[in-house]
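Next come the chains, spelled out residue by residue.
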Amino acid sequence: AETLALRMQRESDNALELARLLEADPRVAVVHYPGLESHPQHTLATELFRAYGALLSFELKPEIDCFDYLNHLKLAINATHLGDTRTLVIPVAHTIFFEMGPERRAEMGIVDSLIRVSVGIEDTEDLLQDFANALNQY
């Protein structure tokens, strides 16, 4: 608890940098993160919060298999947990919302390429390089 504020700030800073990197990449269809000016609730989030948080999600372009992409990550860990000091990733449609079936997921806007990221406190450049290196496989 003594270091929570420091960890949350680092996680939020890392998440914003990662969201910016992903948003700028043509192999990423969309990034969902309120810290990005492109996010529909960016203005509201800016008014309400000191930082935008450590959770984000992004959709790869349909031609990129999310499992293959996740397998190229070296630093990020495939796990369902949230709020760790390490960056955790999970393919949303195939895990959290799997039992809903493809039709219900489509109604909710959950595509097969959606990846949730719980960003950790790793060195920012190491984190960005990991996600960029995985994208560079395509």
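Residues numbered from 1 in each chain as written. Predicted model: local features only at pLDDT ≥ 70, side-chain atom pairs only at ≥ 80, totals over all residues. Heavy atoms only, no water.

Peer 1: Can you walk me through a nonpolar patch on the surface in this structure?
Peer 2: A contiguous nonpolar surface patch, about 320 Å² in accessible area, is contributed by L44, L48 and F49. Within the fold, F49 resides in the loop between helix 2 (42-48) and strand 2 (55-60). (Patch = residues over 30% accessible without salt bridge, like charges linked within 9 Å, V, L, I, M, F, W, Y side chains within 5 Å. Areas by Shrake-Rupley, 256 points an atom, 1.4 Å probe, with all protein chains shown as cover. Salt bridge = Lys/Arg side-chain N within 4 Å of Asp/Glu carboxyl O. Helix = DSSP H or I, 4+ residues; strand = E, 2+ residues; numbered from the N terminus.)

Peer 1: Which parts of the structure should I look at to understand helix 5 (residues 124-135)?
Peer 2: For the α-helix, the turn length of 3.6 residues means that residues three or four positions removed from each other point alike. Taking 1.5 Å per residue as the helical rise, helix 5 with its 12 residues ought to reach 16 Å, and the 17 Å between its terminal C-alpha atoms agrees with that figure. Among the residues of helix 5, those classed as buried are T124, L127, L128, D130, F131, A132, A134 and L135. Buried residues along helix 5 sit against helix 1 (4-24), strand 1 (28-32), strand 2, helix 3 (66-72), strand 4 (88-91) and strand 5 (114-118). Between the side-chain oxygen of the N-cap and the backbone nitrogen of E125 there are 3.2 Å, and the N-cap of helix 5 in question is D123. (Expected span 1.5 Å × (residues − 1). Buried < 20%, exposed > 50% of the residue type's maximum accessible area, 1.4 Å probe, protein only. Contact = heavy atoms within 4.5 Å. Polar contact = N/O pair within 3.5 Å; in protein donor to acceptor, adjacent residues only side chain to side chain.)

Peer 1: Would you explain the nonpolar core in this entry?
Peer 2: The tendency in soluble globular proteins is for nonpolar side chains to be buried side by side. Core analysis: the largest hydrophobic core is formed by 27 residues, its most contacted members being L22, L56, F58, Y69, I115, V117 and F131. Where this core is concerned, the elements lending two or more residues are helix 1, strand 1, strand 2, helix 3, strand 5 and helix 5. Ignoring anything within four residues of it in the chain, the contact list for I115 reads L56, S57, F58, L60, C66, Y69, L70, V89, I90 and V92. (Core = buried A, V, L, I, M, F, W, Y, C linked by side-chain atoms within 4.5 Å.)

Peer 1: Would you mind going over the environment of E107 with me for this structure?
Peer 2: Relative to the helices and strands, E107 resides in helix 4 (residues 101-108). What makes E107 exposed here is its relative accessible area of 61%.

Peer 1: Is there a simple way to think about the packing of aromatic side chains in this case?
Peer 2: How two aromatic rings sit relative to each other is set out by the distance from centre to centre and by the angle between their planes. This structure, assessed with the given rule, holds 3 aromatic pairs. Ring centres 6.4 Å apart and planes at 70° place the aromatic pair Y33 and Y52 in the edge-to-face group. Of the two residues, Y33 sits in the loop between strand 1 and helix 2 while Y52 sits in the loop between helix 2 and strand 2, which places them 19 residues apart along the sequence. With a centroid separation of 6.0 Å and an interplanar angle of 85°, the aromatic rings of F58 and Y69 are classed as edge-to-face. Taken together, the positions of F58 in strand 2 and Y69 in helix 3 put the pair 11 residues apart, joining distant regions of the chain. (Phe/Tyr/Trp six-rings, centres within 6.5 Å; stacked < 30°, edge-to-face > 60°.)

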